[in-house]
Amino acid sequence: MEVNKCPKCNGVEFAEGTDFMSVKPVDKKFSMGSNKIYTFCLSCGEVISIRIESPAIFRK
């Protein structure tokens with residue numbers, strides 16, 4: 001997903017970050033899970049997208 005402009009403030013500078021909580025498969029209680037990657041506007045902080053770093057761990 002390419003972001004050209006923030007829908008909230010029309011900013012054009014973006015960054016990516018993560019938090020400390022991973023997403024884990026419901027049926028795999030001991031899985032390490034996968035990080036969430038947030039893309040956000042550097043001007044206003046609006047989160048433009050959230051994606052899973054390693055979606056393959058959710059395949060059965």
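Everything discussed here concerns the structure shown above.
As a starting point, this report considers the structure included with it. (Residues numbered from 1 in each chain as written. Predicted model: local features only at pLDDT ≥ 70, side-chain atom pairs only at ≥ 80, totals over all residues. Heavy atoms only, no water.)

1. Thoughts on the overall build of the chain
Right, so step 1: The helix and strand inventory of the chain stands at zero helices and three strands.
Right, so step 2: In the chain, the succession of α and β elements from N to C terminus is β-β-β.
Right, so step 3: Taking 10 Å as the expected radius of gyration for a compact globule of 60 residues, we find that the chain reaches 14 Å, considerably beyond that expectation.
Right, so step 4: Dimensions of the chain, computed from C-alpha atoms along their principal axes, come out at roughly 40 × 20 × 15 Å.
Right, so step 5: Burial statistics for the chain: of 60 residues in total, 18% are counted as buried. (Helix = DSSP H or I, 4+ residues; strand = E, 2+ residues; numbered from the N terminus. Rg over C-alpha atoms; globule rule 2.2 N^0.38 Å. Buried < 20%, exposed > 50% of the residue type's maximum accessible area, 1.4 Å probe, protein only.)

2. A look at unusual backbone geometry
Right, so step 1: Residue Asn10 is not a glycine yet carries a positive backbone phi of 70 degrees.
Right, so step 2: Along the chain, the position of Asn10 falls in the segment before β1 (14-17).

3. Here we look at the environment of Ile57
Right, so step 1: Summarising the element assignment, Ile57 is placed in the segment after β3 (47-52).
Right, so step 2: Remark: the alpha-carbon pair of Ile57 and Gly33, spanning 24 residues in sequence, is separated by 7.5 Å.
Right, so step 3: Ignoring any residue separated from it by four or fewer positions in sequence, one finds Ile57 in contact with Pro25, Lys28, Ser31, Gly33 and Ser34. (Contact = heavy atoms within 4.5 Å.)

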